[in-house]
Amino acid sequence: MGEEAMKSKTSLVFAVNGERFELQLSSIDPSTTLVDFLRNKTPFKSVKLGCGEGGCGACVVLLSKYDPLLEKVDDFTISSCLTLLCSIDGCSITTSEGLGNSRVGFHAVHERIAGFHATQCGFCTPGMSVSMFSALLNADKTHPPCSGFSNLTAAEAEKAVAGNLCRCTGYRPLVDACKSFAADVDIEDLGFNSFCKKGENRDVVLGRLPCYDHTSSQMVCTFPEFLKNEIKNDRNLDSRKYRWSTPVSVSELQRLLEVENGVSVKLVAANTSSGYYKEEKERKYERFIDIRRIPELTMVRRDENGLELGACVTISKAIEVLREQKNVSMLAKIAAHMEKIASKFVRNTGTIGGNIMMAQRKQFPSDLTTILVAARATVKIMTSSSVQERFTLEEFLQQPPLGDKSVLLSVEIPSWRPVKNDSSTHNILLFETYRAAPRPLGNALAFLNAAFSAEVSLSEALDGIVVNDCLLAFGAYGTKHAHRASKVEEFLTGKVISDEVLMEAIGLLKDEIVPDKATSNPAYRSSLAVTFLFEFFGYLTQTNAKATNGWLNGGGKEIGFEQNVESLKPEAMLSSAQQIVENQEHTPVGKGIIKAGARLQASGEAVYVDDIPSPDNCLYGAFIYSTMPLARIKSIRFKQNTVPEGVLGIITYKDIPKGGQNIGTKGFFTSDLLFAEEITHCAGQIIAFLVADSQKHADIAANLVVIDYDTKDLEQPIFSLEEAVEKSSLFEVPPPLRGYSVGDITRGMAAAEHKILESKISFGSQYFFYMETQTALAVPDEDNCMVVYSSTQTPDFVHQTIAGCLGVPENNVRVITRRVGGGFGGKAVKSMPVAAACALAASKMQRPVRTYVNRKTDMITTGGRHPMKVTYSVGFKSNGKITALDLELLLDAGLTEDVSPLMAKGIQGALMKYDWGVLSFDVKVCKTNTVSRTAVRAPGDVQGSYIGEAIIEHVASYLSIDVDEIRKVNLHTYESLKFFHNVKAGESPEYTLPLIWDKLAEFSGFNERRKVVEEFNASNKWRKRGISRVPAVYVVSMRSTPGRVSVLGDGSIVVEVQGIEIGQGLWTKVKQMAAFSLGLIQCDTTSDELLKKIRVIQSDTLSMVQGSITGGSTTSEASSEAVRICCDGLVERLLPVKTALVELTGGPVTWDNLISQAYQQSINMSVSSKYMPDFSTGQYLNYGVAASEVEVNILTGETTVLRTDIIYDCGKSLNPAVDLGQIEGAFVQGLGFFMLEEYLMNSDGLVVTDSTWNYKIPTVDTIPRQFNVEILNSGQHKNRVLSSKASGEPPLLLAASVHCAIRAAVKEARKQILTWNSSNQQGIDVYFELPVPATMPVVKEFCGLDVVEKYLEWKIQQKNI
Ligand SMILES: Cc1cc2nc3c(=O)[nH]c(=O)nc-3n(C[C@H](O)[C@H](O)[C@H](O)COP(=O)(O)OP(=O)(O)OC[C@H]3O[C@@H](n4cnc5c(N)ncnc54)[C@H](O)[C@@H]3O)c2cc1C
Ligand code: FES
Ligand code: FES
């Protein structure tokens, strides 16, 4: 068949979960992404959208490709948010529900995720499932594993979910679920799960684990037969006919590019660059050319000259190829570095050519180009005039951006040829690559990357190692491209490496590698350059001719960093231990049963708001927000004054109907605006809601909106807290919420022997980072009614807001919430304007309107934790006992009150974990022109608790007494606890903190490990460890909440509560409580059997009124109590029926019989209740203690949390599996606050950390390597719900232990520097306030940005003495 005849294909054919899809190319917009298609045009909603930029893994699916020649299927994960639909022609897609589901049975991956208690909100879980499945599938492809297991090793299992984000679980149970498949797993090492108990025989456990048989796993047919047959007979697309072309040869590509002169063309490899260059989504290309079917671009060629890779070789494939070149360690090192680029699901499709082109054309901070420059790579280019040219990569990067119609064809890494070709000397190539990034395993751009190659040989004459030639490449530090430090290279060439030479080289380097001024942390990045150079050459300074014989004269071994500086950070695998008591007393309450709906979450069948199919005629909204802090809004228009595709209107405050109000939130302290009116008062304030025919069009159009502002005659906006105080820009805090002073501060200070006066601490903000962003769907109903599906923690307030905004009675509105994909406080107040905007638009347009707010808009408009500034004065005795604390706080509430007046209570409650003697406490809630802050998990409490630690640390430092001693001295007695906390302190036996404090020391081997840490620090120069034990006290308040339990005719039970399932396990606890309480009827059906009959259903504000907010950690227990009351009522009604039945039949009565009888007697089988806490039950204290040990790399500032031990008092836990998940998840979220997450604004107050690229929550590689938790089963608490206590927020405070441990390690580093400076031994124990979060740049700064120079200076000095 001739070429022309073959080109007659008109449609795309592919499979999703085995189902055939055929789409006419003429009907497809080539910019459609796979996630768009799957979510909007198929029933497969398990594919979630978390970021749309490749950074979270929620959208991960398995892509399978069939090679008809080799008859082989390749299966790998991809991010469907970056993959273009057209590019999957001929492929098969498997989503999580394709692995298994509720209809055909769940897959072992789903079952194990559920059984290891590894889901909470469940939004990340389908992506996790697919990542795990892919790891198993690929591990078991080449050879069969042993029965019941996979070939996947436990270490590989840990990396299987490395790029997937989860904000809820803290990752440990997810890793355990995955590890449970590994043949080398130590079953004892697996955390608490529903399959096995500690100490059980391995075979018994195996028998219980949901069966994994690799053959059956492969029965998940990832590539259906019909598609194989179609591929065998496949024809190519007619490239000229459609906007999407797939040339199959370079000549065809050339022709296409020539013909298309004047037409905008986008070359597409994997399109992953659209995750970074999001503006690409807005550009309208007339033609897309997919270049991945051109053999020259996917070839791999190896010969003695080197290794050539086609530009479309994926990063994953390149890693594989590089690893195959077993004797070339340079290639292995390049491969190892490449494994840290992005995440597996990006590397699997992202190409090396795409990466290089991003760097060449747009200055992307690439790792690849830096390491390839150091490897002296060359590139082959085909220019628009069809000429093929070869350049060094370095030259290529320096050229002007390559034209749109030019193509990068290949990259070649040449074989090494020694510069000094002298048979008398033995030359060695040293090659090493470096990167410093917030996440060790990748999915984070580097602060700086570098790669060095140096040819060295031994100089007998000079008694050292001489550099014959070197190449030093640096990148990702804000310059245009990877840059060579050529002056340093020149200087070093021919020199023997000594401390003096290195010192001089560092001096030159600092002038040469200068980060761009606009880059964040420039000084840190410069210091990293010095660090890397030192790591590379430092070892050689100690090497004389004799010492090098081993490697330099020998077999040509190349050396690397491992040998240069003390070994790398510990690579130990994650391990954990949990001690948990399952209470039998109120069974099934107290059992660690699997979370309700966990399997559905894993398979992706659990329905979130955006999974509800769009009603006919549905419209989509996107918010338009202000980028100015205080300005008059003159006009709202589109760029170039043309209305973008699909736009139907822009809703502003002018569209509020008659009788309605411009309110976006209602119900807390005041109502706040939905839309800014004439004036915007902060950047991030919502100005309008754009409505279009699809979410994509709405988002694109919102970006094309231009707002004309005018600041004439307006005052200057307020940004600083001091300014707010000066201008009295303060919110009134009602007296009961202001906090209170305890004792007489003057007397307390007078009793002190020492004082620290007016010391300062400050905190920034933290973003919720729920995986499901804000979302709502509003559907107009008859008679001016509105049904709104909202992802909210406050359905009742959403309800009131909508009614107020539309000006309708509240009975015209119905708000329905089934589950929320993570809330953390962010969906309490901030969900209200989202739902209100949809309702307003729906009301105006009389069509359903929904929105799924994109991550950037969500991050910019929702605010976060309260930034604050604290000034304290503290008085204390010589033994460290504090006698008085005087505290003044300035809180940045942002523009509106929101819940800010509540903050003082949280701060003070947590602060009062210590006995301060007396306390004077004053809080000012400042109004600034920044986006309004709200409650974020443990709001105020986390700062209050940390303030306490900072003060204790300060006192310890002042007195030079061990800080752990100072903590102990200041822990409350029960009497002092009562003095500070009044009735909340409860009875004396409830005060378990001192017990936990001591128990933790034993549990964690704290005292012995402190000695080991000391020894470690004495014998390691570049790595320092710190260990710290921290207590937490947390006040919670119970709130009234309604419930209803109804029994249906077949005996099945429906439970309604107004508490929302946000991942905290509320439904599970409620179900357990209902089963226990109904079980009290004592019929022949056990509580466990009853449990299976119970379904908790969505919350509906018209079905159940007077709901409250889901937050503050107590909603589960309050809802459980409401349900218990209902069940008591039902039992009361059923008891006479049961008695009569027993009398009648003489035998036992089953539940079903009983209910059937009750129905016959028309007994009301539905009971409602409202739980109301009273004075004695309204508030109580929670206790926990954590000890964390960290290791700080003082050269890079990287911190590894080696181990964390927690003991937390859950009272009698309602469900220890759920509570364990809450403890671990909260701790890891706290770890993000203390170590990683910077939520920054520009000078106009606009949030600039607005994506997964620049906001880094913890990942699996940043959690404690060893993570042990004990849930204390602390006996009877008569005022609590079945003696249980809260677990949702308090453990977050314990993450301060990590910060304190980092501070201890940094202190050691600072002490060491002082020893290198013998003239300045004073102030060795000088106090320093380590900022929160202690990010890598911060830690490095406090360890000394010039630590290398200091060290070399000292060494040189020593030699000269
Ligand atoms: C979440 C995430 C994290 C990342 N982290 C890192 C990181 O830490 N370090 C790092 O180095 N990189 C990182 N990357 C970048 C990643 O390596 C690139 O996105 C990927 O390699 C690009 O390949 P692609 O095939 O998707 O290119 P595409 O997106 O298809 O193409 C990129 C650009 O190059 C053009 N183009 C593609 N191929 C050619 C060619 N052969 N000739 C001419 N023009 C061409 C395209 O038109 C487009 O403009 C990350 C990416 C993501 C999404
Ligand atoms: S949604 Fe695709 S990676 Fe986040
Ligand atoms: S369970 Fe992972 S994000 Fe909620």
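Note that this is a predicted model, so its numbers are computed, not measured. (Residues numbered from 1 in each chain as written. Chains lettered and ligands numbered in written order. Predicted model: local features only at pLDDT ≥ 70, side-chain atom pairs only at ≥ 80, totals over all residues. Heavy atoms only, no water.)

**Looking at the overall build of the protein**
And then number 1: Helices and strands together make up the secondary structure of the protein, namely 44 helices and 44 strands.
And then number 2: Over its C-alpha trace the protein gives a radius of gyration of 32 Å, about what one expects of a compact globule, namely 34 Å for 1361 residues.
And then number 3: In terms of overall dimensions, the protein has a C-alpha envelope of 105 × 90 × 80 Å along the principal axes.
And then number 4: Among the 1361 residues that make up the protein, the fraction classed as buried is 64%.
And then number 5: If you sum the accessible surface of the protein, you get close to 47900 Å²; carbon and sulfur atoms cover 51% of it. (Helix = DSSP H or I, 4+ residues; strand = E, 2+ residues; numbered from the N terminus. Rg over C-alpha atoms; globule rule 2.2 N^0.38 Å. Buried < 20%, exposed > 50% of the residue type's maximum accessible area, 1.4 Å probe, protein only. Areas by Shrake-Rupley, 256 points an atom, 1.4 Å probe, with all protein chains shown as cover.)

**Quick notes on the sheet that holds strand 40 (residues 1099–1100)**
And then number 1: Read across the sheet, eight strands follow the order 21-25-19-32-29-30-31-40 without closing on themselves; strand pairing throughout is mixed. Each end of this open sheet is capped by a strand with a single partner; those strands are strand 21 (647–651) and strand 40.
And then number 2: Contacts from helix 25 (residues 695–703) reach strand 19 (619–625), strand 21, strand 25 (686–692) and strand 32 (849–852) within the one sheet, and its direction differs from that of strand 19 by about 20 degrees.
And then number 3: In the packing of helix 29 (residues 832–845) onto the sheet, contacts are made with strand 19, strand 21, strand 25, strand 29 (775–781), strand 30 (785–790) and strand 32, and the angle to strand 29 comes to roughly 30 degrees. (Pairing = 2+ DSSP bridges. Contact = heavy atoms within 4.5 Å. Axes fitted to C-alpha atoms, helices over the stretch in contact; angles between N-to-C directions.)

**Regarding the sheet that holds strand 44 (residues 1266–1272)**
Strand pairing in a sheet relies on backbone hydrogen bonds, with the paired strands running either antiparallel or parallel.
And then number 1: The five strands lie next to each other as 18-44-43-42-36, forming an open sheet whose pairing is mixed. Strands with a single pairing partner mark the edges of an open sheet, and in this sheet they are strand 18 (575–579) and strand 36 (1023–1037). Averaged over neighbouring strand pairs, the angle between their axes works out to 15 degrees when direction is ignored.
And then number 2: Bridge count between strand 42 (residues 1179–1193) and strand 43 (residues 1198–1209): ten bridges; the pairing is antiparallel. Among the inter-strand pairings, Val-1192 is bridged to a residue of strand 43, identified as Thr-1199.

**Here we look at the packing of aromatic side chains**
And then number 1: Under the criterion given, the structure shown has 45 aromatic pairs.
And then number 2: When the ring of Phe-364 is compared with that of Trp-1253, the centres are 6.4 Å apart and the planes differ by 85 degrees; the resulting orientation is edge-to-face. Note that Phe-364 is positioned in the loop between helix 16 (352–362) and helix 17 (368–374) and Trp-1253 in the loop between helix 41 (1216–1236) and strand 44, a separation of 889 residues in sequence.
And then number 3: Of the residues examined, Trp-1253 reaches a relative accessible area of 26% and is grouped as partly exposed.
And then number 4: Among the aromatic residues, those joined into a ring-pair cluster are Tyr-434, Phe-452, Phe-474, Phe-532, Phe-536 and Phe-537.
And then number 5: The ring of Tyr-277 carries Lys-362 above its face, with NZ or CZ at 4.5 Å from the centroid. (Phe/Tyr/Trp six-rings, centres within 6.5 Å; stacked < 30°, edge-to-face > 60°. Lys NZ or Arg CZ within 6 Å of the ring centre and 35° of its normal.)

**Here's the deal with the UniProt feature "binding site: FAD" (unreviewed entry) in the protein**
And then number 1: Under the present numbering, the feature "binding site: FAD" (unreviewed entry) in UniProt falls on Asp-367, Leu-408 and Arg-435. Taking the farthest pair of C-alpha atoms as the criterion, the annotated set spanning 69 residues is dispersed, since that pair is 25.8 Å apart.
And then number 2: Along the polypeptide, Leu-408 turns up in strand 13 (residues 407–414).
And then number 3: Overall, Leu-408 belongs to the buried group, its relative accessible area being 5%.
And then number 4: Those residues within four positions of Leu-408 in sequence are excluded, and the remaining contacts are Leu-297, Ala-311, Gly-353, Ile-356, Met-357, Val-379, Lys-380, Ile-381 and Leu-402.
And then number 5: Its place among the elements puts Arg-435 in strand 14 (residues 427–436). (UniProt positions renumbered as here; feature names shortened; annotations may be inferred.)

**Notes on the packing of helix 28 (residues 795–806) against helix 29**
And then number 1: Two numbers describe how helix 28 lies on helix 29: the axes approach to 9 Å, and their chain directions differ by 40 degrees. Our classification of the angle between helix 28 and helix 29 gives oblique. Crossing geometry of helix 28 relative to helix 29 is assigned as right-handed. For the pair formed by helix 28 and helix 29, the contact residues are Phe-797, Val-798, Thr-801, Ile-802, Cys-805 and Leu-806 on the first element and Met-832, Ala-835, Ala-836, Ala-839, Leu-840 and Ser-843 on the second.
And then number 2: Here the residues of the contact of helix 28 with helix 29 are counted per class, giving ten nonpolar, two polar and no charged. (Parallel < 35°, antiparallel > 145°, perpendicular 65-115°, else oblique. Left-handed = near helix turned anticlockwise from the far one by under 90°. Nonpolar A, V, L, I, M, F, W, Y, C, P; charged D, E, K, R; others polar.)

**Re the side chain of Glu-432**
And then number 1: Position of Glu-432 relative to the elements: it lies in strand 14.
And then number 2: Judged by its relative accessible area of 8%, Glu-432 falls in the buried class.
And then number 3: For Glu-432, the side chain forms a polar contact with the side chain of Lys-333, separated by 3.2 Å. (Polar contact = N/O pair within 3.5 Å; in protein donor to acceptor, adjacent residues only side chain to side chain.)

**Here we look at the nonpolar core**
Inside soluble globular proteins, nonpolar side chains tend to come together where they are buried.
And then number 1: One finds Phe-474 and Phe-537 to be the most contacted residues of the largest nonpolar core, which totals 284 residues.
And then number 2: With eleven residues, helix 41 is the single largest residue contributor to this core.
And then number 3: What Phe-537 contacts, discounting residues up to four positions off in sequence, is Ala-454, Val-467, Leu-472, Leu-492, Ile-497 and Leu-502.
And then number 4: Listed in part, the 42 residues of the second largest apolar core include Ala-311, Ile-341, Met-357 and Phe-431. (Core = buried A, V, L, I, M, F, W, Y, C linked by side-chain atoms within 4.5 Å.)

**Notes on the site of ligand 1**
And then number 1: Taken together, 34 residues sit near ligand 1, with Leu-267, Thr-272, Ser-273, Thr-351 and Asp-367 positioned nearest.
And then number 2: The side chain of Thr-272 places a nitrogen or oxygen atom 2.5 Å from an oxygen atom of ligand 1.
And then number 3: Here ligand 1 loses 96% of its free accessible area of 970 Å² to cover by the protein chains.
And then number 4: Breaking the shell around ligand 1 down by element, the ones donating at least two residues are strand 7 (265–268), helix 16 and strand 13. (Near = heavy atom within 4 Å.)

**Regarding the UniProt feature "binding site: [2Fe-2S] cluster 2" (unreviewed entry) in the protein**
And then number 1: UniProt's feature table lists "binding site: [2Fe-2S] cluster 2" (unreviewed entry) at Cys-121, Cys-124, Cys-166 and Cys-168, given in the numbering used throughout. Across 48 residues of sequence, these annotated residues stay compact in space, with a maximum C-alpha separation of 9.4 Å.
And then number 2: Position of Cys-121 relative to the elements: it lies in the loop between helix 4 (108–115) and helix 5 (125–139).
And then number 3: Apart from the residues lying within four places of it in its own chain, the contact partners of Cys-121 are Cys-168, Gln-601, Tyr-608, Val-820, Gly-821, Gly-822, Ile-1062 and Gly-1063.
And then number 4: A relative accessible area of 4% places Cys-166 in the buried class.
And then number 5: Discounting chain neighbours no more than four positions away, the residues touching Cys-166 are Cys-124, Met-128, Tyr-171, Leu-174 and Ile-1257.

**Quick word on helix 10 (residues 225–232)**
And then number 1: Among the residues of helix 10, Leu-227, Lys-228 and Ile-231 are the ones counted as buried. Buried residues along helix 10 cover an arc of 105 degrees about the axis, so they all sit on one side.
And then number 2: Here the buried face of helix 10 lies against strand 1 (11–16), strand 3 (60–67), strand 4 (72–79) and strand 5 (92–94). (Arc of directions from axis to C-beta.)

**Notes on unusual backbone geometry**
And then number 1: Note the cis peptide between Thr-587 and Pro-588, where omega equals 5 degrees.
And then number 2: Within the secondary structure, Pro-588 is located in the loop between strand 18 and helix 24 (598–603).
And then number 3: Val-1332 connects to Pro-1333 through a cis peptide bond whose omega is 0 degrees.
And then number 4: Position of Pro-1333 among the secondary structure elements: in the loop between helix 42 (1296–1316) and helix 43 (1336–1344).
And then number 5: Phi angles above zero are rare outside glycine, and Asn-17 is one such case at about 50 degrees.
And then number 6: Within the fold, Asn-17 resides in the loop between strand 1 and strand 2 (19–24).
And then number 7: The partly exposed category is assigned to Asn-17, whose relative accessible area is 22%.
And then number 8: Despite not being glycine, Asn-641 has its phi angle at roughly 55 degrees, a positive value.
And then number 9: Examined against the element boundaries, Asn-641 turns out to sit in the loop between strand 20 (631–638) and strand 21.
And then number 10: Relative accessible area serves as the criterion here: at 58%, Asn-641 is assigned to the exposed category.

**Description of the side chain of Thr-32**
And then number 1: Following the sequence through the fold, Thr-32 ends up in the loop between strand 2 and helix 2 (34–41).
And then number 2: Residues in contact with Thr-32, not counting those within four places in the same chain, are Phe-37, Thr-83, Leu-84, Leu-85 and Lys-696.

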